[in-house]
Structures are given as C-alpha cells and as structure tokens.
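These are the residues of each chain, in order.
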Amino acid sequence: MEQKLKHVDIPSSEITPESLYLSRRDWLKVMGIVSAGALLAACAPKLSGITATGSGSSPETQGAPVPDNAHGQTADEFGNPLNTFDEIANYNNYYEFSTAKDAVASLAADFKSTPWAVEVDGLVQNPRTWSLDELLRFEQKERVYRLRCVEAWSMVIPWTGFQLSDLLAEAAPMASAKYVEFTTLMDEEQMPGVGSRFYPWPYTEGLRLDEAMHRLTILATGLYGKPLPNQDGAPLRLVVPWKYGFKSIKAIVRIRLTEERPQTFWNTIAPDEYGFYSNVNPEVDHPRWSQATERRIGELSRRDTLMFNGYGGEVAGLYAGMDLSINY
Amino acid sequence: MRHFPWLRILVHIIGWLPLAKLIFDFAAHNLTVNPIQEIEQRLGRAALYFLAAALAITPVHTLTGWRSVLPRRRALGLYAFFYASLHFLTFAGLDYGFNLAQILDLVTTKPYIIAGTLAFSLLVPLAVTSFDYFIRRMKKNWKRLHRLVYPAGLIVIVHFVWARKGNLFQLQGDVLQPLLWGLLVVFLLILRIPAARKWVSGLRQSIMGRRRAQTHAEK
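Bear in mind the structure is a predicted one, so any value in this text is a computation, not a measurement.

1. Some words on the interface of chain A and chain B
Okay, step 1: With 39 residues of chain A at the contact, the number on the chain B side is 36 residues.
Okay, step 2: Viewed at the interface, chain B and chain A are joined by four salt bridges.
Okay, step 3: Viewed at the interface, chain B and chain A are joined by 15 residue pairs in polar contact (both at pLDDT 80 or more).
Okay, step 4: Residue assignment for the side of chain A that touches chain B shows that the elements contributing at least two residues are helix H2 (27-32), helix H3 (34-43), helix H4 (85-89), strand E4 (153-163), helix H9 (265-269) and strand E11 (293-296) of chain A.

Dropping the structure here:
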C-alpha cells in the first residue's frame, strides 16, 4: 500500500519565485486612481472582462480545463493573475481566531500545526489515523483556483495539495457511505475565538461523496510553493473551488464518512442563508445580499460572479436534474 | 463670563478623528487587502458612533443635570450625517462605480441595503433643517421632525445586524457588536419615555439631595 503513494519532492530551485508569480500591485498608485476608476465605471456599462450567462456551460464562462498540475502558472485558466502571497495570508475568515479578517494572521502566528494527525473513519473499510508526513506522500500538485467568499470577495490562489479522492481511495468507503464530514481542530488554548458562545464549535463541513471524489476537490497543504500559513488553515485544509469559501474547511483533524448528511457550521447557524451545497451561483442570492457580482481582491471594480465560480464545465454534471434554487 | 469652550472643541476634535485615522491608514497601506470594503465599513461604524452619541445627549442631561452637553447635540448629529454620507458615497461610488441600475436594484431589493438607505434618507431632512434659521422658523414642527432620529437609530441597527453573517434572534453568528450597539440605542431611547425620564431625574435629585444633606451634616 505504501509503495502506491508517490512522494513528490519539489526542489526549491524549481519553485517559482514570488516576484515572477506576480507583479505586485502598487497600492499607492492603484488607490490614486480610485476616484478616476469610479468615474470611469459610471460611464462603462461593464468593466469586468467576463460575462456570466448563468448556465455554467456556455463557452464564455469556461476557460480551458483546470490543469492537473499548474506548476509555475501565473494565472488561472481565464488568464486572471494570481493574488499575492501577502493578500492571501493577511485576509482570512477564520473565526476560531478572530472575526476580523486582518487580525487572524497575528493571532495564528504561534499556532502549532506539527505534529498533526487526521482521523479518517466512519463508513470506511480502512479506518486509521494519518500523520501529516504520511499525507504529504500523496502526489502533491499545484492547483490555481479562484476562491469566492460568500461575502462577495474573491482571490486567485496557487494551492499545493493532493486530491481528496487519493485519500478516500485508501480509506475505501463502504457502499453505504453517502457523505463526507470534516471537522476542524477545536483548541480553546490556541484559538481565542472558540470561546465565543455565538457559534456551534467545532467547525464542521460536509460534501456529498461524489463531490468529495471530484478531481477538483483537494486537501491543500501549501500555497505559493510554501507550507500552508497558519492563518490559511495549516497544516491541512479542504479546497472546493466551485463552492463558497466557507465550505473549504481549515485545520482538519477528522474526516468521517457517513450515510446521513452531516451537520455543517454555517448551515446550523442560519439554514435559510447557508445551504448544504453552497455552490457559487450568481442567480441565487443570499437572502440578505446579492451574489451577482464580486470584488476580486486587488481590483477596483466589481466583476460578475460566474456560475459554479467558472468550474461549471467540470462540475455542473454533479447537479444534473437538481433545482439549485432549492438546493442552494 | 463665557468659559473656554473646551467641550465644543473636544467634540470637533473627536468628530474629525475617524476621517483622520482613515486617511492616515490609507497612506500607511493599513486598510487590509480589501480597502474599499474597509473604508465603507469604517465610515458606517463612525456614523453609528456619532448617532449614538447624539442620542445620548438627552439621557446624559437627564442623568447628570449637566446642561452644557445640550448644545453639543447638533454637531454630533451632523458628524453622524457627515459619516453616513461618506459611507453611502463609498457604497455607490467606490464599491459600485456609480452603476445606477445596479445600485437601484440593491437599494430596492436587498434587505440590509434597504434598511441602510432608509435610515440615511431619514437623516437628510434633519441635516438640512439643522440651521438656526429652521429652528426659529419651524417652531414646534422642528422638534416633531427631528424625532425622526429615533426610528433612524433603530433602522441603522437593523442595517448593521443584517449586514453581518449570523442570526440575531437566535444569538448565532457574528452578532455581538450589532447586539451591543442595539442594546445601547434601545436603552437611550427608553430613557426618553416620560415615565423613565421622570424616574431617572427623580433618582438624581434624591441622590443629590442626600449628598447635599450629607455635606451639610459633615459641616
């Protein structure tokens, strides 16, 4: 069994330096033209390059298929440039530490992500606990994904990680397994936010088994070729790029296969606002705000949100025949 | 003899503080990687702080009998309006690029934006009629009109709650801040109900009376 796991060792010389990954936006310059941009936007009906038609299958909403390994890629398949490491590492929704997105990085600075163990159990033939080192032996790939937060901001992020399907194949789900439940570490000593009584800790999330087995669903272990920063969910987080960001659960300690649909964190807090599926969908608004547009971090004007976050070509089939306004 | 107007100067210093800090943090690149949202939210919070401060003037006077706070209410209310205007401008301009069709859609369909727009439109006539000229001219109606600040205060809290992820009634989610501000605003409004007001000023007078009696006895 062990031989099947391929250890991919990327020499540091091969990792694209950050300066090549991105042309760092000069904020002073950018913000200097804020007012001009606002005026321009008043004249231009649409500044965003991509127009969502909502079907998810029309050519405009699909770039090239997402490459299996995007090593050294500086843009997503639509040509959208990557967000900078600083942007990705300083704007984090991670309520275990703080509800202030710019406060998480410093609060998580001393978080202990090693040693780390992930329990994989429930309806599987091979339940066991995996150490992080063991998980890093799964084929590590670089994937450039858009991340669309339910709060209507987005980023383009170069993750490193492995397909969840690789791990689940080792666990061997039983025929009765229909869902996968994920649980975040709940450590009140390290995570000051966990003391808040306003939330149903620990953070849990869930996927249907076929969503979990999809090639785009990864367990990320790094970004920009570096180990995952604590504030981004070190040492191991889920990334499901066609769903709102809160589905991509951080600091995972348990993966359990179940027959029943698992309880999930935001769905427990407000079931009519955060559905189990939570696929990115510009046509199904959050009850209190619009999901039609988003602000890409680093950009001045909003862009149209794409159906399934632009991954419809690969994932729309998972939801064939489902009414997505009911199964939001 | 007129005293040095330190309270008046203090109000104006505090009034410009949020904007000064915003400009400072902008220059220092300290507005997160999503500066437009940060600017928008900070201006909104500043508007709320000043609105709450303006609403606190009457209760503070009732509680303490301190008369010199009363003339400061107008400036506080106008700072609230000033920051609410900047907040709205940031929403319409920086955030939505003055895209009128989109803004109109949001303003008419999205609950938290409906609430925010409503609260802001209630403040507009109050700011317009804040000059002495209107106070003299409108007489009793001026006071009547300016009671609109009470519903505005409550609607602003609804706007704040609905803009957050969570559910206030089930006390779930990111609701602590709006909850505390909501309780404060409700408390400030309750203190205006004649019975509450009477009770509080009665309380004050009996405390002051007792103190006076005490100092008298000590002599």
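What follows continues from the structure just given.
2. So, the sheet that holds strand E5 (residues 179-184) of chain A
All names here are of chain A.
Okay, step 1: The mixed open sheet is built from five strands, whose spatial order is E2-E1-E10-E5-E6. With partners counted over all chains shown, the strands left at the sheet margins are strand E2 (128-131) and strand E6 (204-208), one partner each. Recorded for the sheet is a direction-independent mean angle of 20° between the axes of neighbouring strands.
Okay, step 2: Note that strand E1 (residues 117-122) and strand E10 (residues 252-258) share four bridges and pair parallel. Pairing of Asp121 across the sheet is with Arg256, part of E10.
Okay, step 3: In the packing of helix H7 (residues 164-171) onto the sheet, contacts are made with E1, E2, E5 and E10, and the angle to E10 comes to roughly 60°.

3. Thoughts on the pattern of salt bridges
Okay, step 1: Counted according to the given criterion, the structure contains 25 salt bridges over all chains.
Okay, step 2: Residue Arg148(A) is joined to Glu294(A) by a salt bridge in which the shortest nitrogen-to-oxygen separation is 3.0 Å. You can see Arg148(A) sitting in strand E3 (residues 141-148) and its partner Glu294(A) sitting in strand E11, a full 146 residues away along the chain.
Okay, step 3: Under the relative-accessibility criterion, Arg148(A) is labelled buried at 0%.
Okay, step 4: Notably, a salt bridge pairs Asp95(B) with Arg295(A), separated by 2.8 Å at the nearest N-O pair. Of the two residues, Asp95(B) sits in helix H3 (residues 73-95) while Arg295(A) sits in strand E11, which places them in two different chains. Neither residue differs from the other here; Asp95(B) and Arg295(A) are each classed as buried.
Okay, step 5: Because the salt bridges share partners, they merge into one network encompassing Lys21(B), Asp25(B), Glu38(B) and Arg42(B).

4. Brief notes about unusual backbone geometry
Okay, step 1: For the peptide bond that leads from Trp201(A) to Pro202(A), omega is 0°, which places it in the cis range.
Okay, step 2: Of note, Pro202(A) is situated in the loop between E5 and E6.
Okay, step 3: A positive phi is found at Tyr224(A), a non-glycine position, where the angle reads about 55°.
Okay, step 4: Summarising the element assignment, Tyr224(A) is placed in the loop between strand E7 (218-223) and strand E8 (226-227).
Okay, step 5: The residue Lys139(B) is not glycine, and still its phi comes out positive at about 50°.
Okay, step 6: Inspection of the secondary structure assignment puts Lys139(B) in the loop between helix H6 (132-138) and helix H7 (140-146).
Okay, step 7: The class for Lys139(B) is exposed, based on a relative accessible area of 65%.

5. Quick word on the nonpolar core
Okay, step 1: Ranked by size, the top nonpolar core spans 89 residues in total, and within it Trp159(A), Leu167(A) and Ile255(A) carry the most contacts.
Okay, step 2: Element by element, the count of residues in this core is highest for E4(A), at six residues.
Okay, step 3: By size, the runner-up hydrophobic cluster in this structure holds 39 residues, among which are Leu19(B), Leu31(B), Phe50(B) and Ala115(B).

6. Overview of a nonpolar patch on the surface
Okay, step 1: Among the surface-exposed residues, Phe4(B), Trp6(B), Ile9(B), Leu10(B), Ile13(B), Ile14(B), Leu17(B) and Trp66(B) lie close enough to one another that they form a single nonpolar patch of about 830 Å² accessible area.
Okay, step 2: Within the secondary structure layout, Ile13(B) lies in helix H1 (residues 6-27).

7. Let's talk about the environment of Leu257(A)
All names here are of chain A.
Okay, step 1: Mapped onto the elements, Leu257 comes out in strand E10.
Okay, step 2: Note on Leu257: relative accessible area 1%, which makes it buried.
Okay, step 3: Considered as a pair, Leu257 and Arg208 are 49 residues apart in the sequence and their alpha carbons are 9.7 Å apart.
Okay, step 4: Not counting residues within four places of it along the chain, the set of residues in contact with Leu257 comprises Asp121, Gly122, Leu123, Val124, Leu168, Pro173, Ala177, Tyr179, Val180 and Leu209.

8. Quick notes on the packing of aromatic side chains
Okay, step 1: Using the criterion set out here, one finds 34 aromatic pairs over all chains in the structure.
Okay, step 2: Here Tyr95(A) and Tyr199(A) contribute two aromatic rings whose centre-to-centre distance is 5.6 Å and whose plane-to-plane angle is 75°, an arrangement assigned as edge-to-face. Pair noted here: Tyr95(A) is in the loop between H4 and helix H5 (104-107) and Tyr199(A) is in the loop between E5 and E6, with a separation of 104 residues, a long-range link. One exposure class covers both Tyr95(A) and Tyr199(A), and it is buried.
Okay, step 3: Taken together, a centroid distance of 5.5 Å and an interplanar angle of 65° make the contact between Phe91(B) and Tyr96(B) edge-to-face.
Okay, step 4: Residue classification places Tyr96(B) among the buried positions, given a relative accessible area of 12%.

9. Some details on the pairing of E2(A)
Residues and elements named next belong to chain A.
Okay, step 1: Pairing of E1 with E2 involves four bridges; the strand directions are antiparallel. The residue of E2 that forms the bridge with Glu119 is Thr129.
Okay, step 2: The antiparallel hairpin formed by E1 and E2 contains five residues in its connecting segment.

10. Looking at the environment of Asn126(A)
All names here are of chain A.
Okay, step 1: Within the secondary structure, Asn126 is located in the loop between E1 and E2.
Okay, step 2: Residue classification places Asn126 among the partly exposed residues on the basis of a relative accessible area of 37%.
Okay, step 3: Sequence-wise, Asn126 and Leu168 are 42 residues apart; in three dimensions their C-alpha atoms are separated by 9.6 Å.
Okay, step 4: Every residue in contact with Asn126, bar those within four places of it in the chain, is listed here: Glu170, Ala171 and Ala172.

11. Some points on the side chain of Lys101(A)
Okay, step 1: With respect to the helices and strands, Lys101(A) occurs in the loop between H4 and H5.
Okay, step 2: What makes Lys101(A) buried here is its relative accessible area of 14%.
Okay, step 3: Within the structure, the side chain of Lys101(A) is placed 2.8 Å from the side chain of Glu151(A), a separation counted as a polar contact.
Okay, step 4: In this structure Lys101(A) touches Asn90(A), Tyr91(A), Asn92(A), Asn93(A), Glu151(A), Trp153(A) and Gln37(B), once residues within four positions along its chain are discounted.

12. Some words on the confidence of the model for chain A
Okay, step 1: Looking at chain A as a whole, its pLDDT mean stands at 86, while 81% of the residues score no less than 70.
Okay, step 2: Scored below 50 in pLDDT, residues 1-6 of chain A makes 12 contacts in the model with residues more than four places away or belonging to other chains.

13. Notes on helix H5 (residues 111-128) of chain B
Turn by turn, an α-helix covers 3.6 residues, leaving residues three or four places apart pointing in a common direction.
Okay, step 1: In this model, H5(B) (18 residues) spans 26 Å end to end at C-alpha, consistent with the 26 Å of a helix rising 1.5 Å per residue.
Okay, step 2: In the core, the buried residues of H5(B) are packed alongside helix H2 (35-64), H3, helix H4 (100-109), H7 and helix H8 (149-162) of chain B.

Reading guide: rules and limits
Residues numbered from 1 in each chain as written. Chains lettered and ligands numbered in written order. Predicted model: local features only at pLDDT ≥ 70, side-chain atom pairs only at ≥ 80, totals over all residues. Heavy atoms only, no water. Contact = heavy atoms within 4.5 Å. Salt bridge = Lys/Arg side-chain N within 4 Å of Asp/Glu carboxyl O. Polar contact = N/O pair within 3.5 Å; in protein donor to acceptor, adjacent residues only side chain to side chain. Helix = DSSP H or I, 4+ residues; strand = E, 2+ residues; numbered from the N terminus. Pairing = 2+ DSSP bridges. Axes fitted to C-alpha atoms, helices over the stretch in contact; angles between N-to-C directions. Buried < 20%, exposed > 50% of the residue type's maximum accessible area, 1.4 Å probe, protein only. Core = buried A, V, L, I, M, F, W, Y, C linked by side-chain atoms within 4.5 Å. Patch = residues over 30% accessible without salt bridge, like charges linked within 9 Å, V, L, I, M, F, W, Y side chains within 5 Å. Areas by Shrake-Rupley, 256 points an atom, 1.4 Å probe, with all protein chains shown as cover. Phe/Tyr/Trp six-rings, centres within 6.5 Å; stacked < 30°, edge-to-face > 60°. pLDDT = per-residue confidence, 0-100. Expected span 1.5 Å × (residues − 1).

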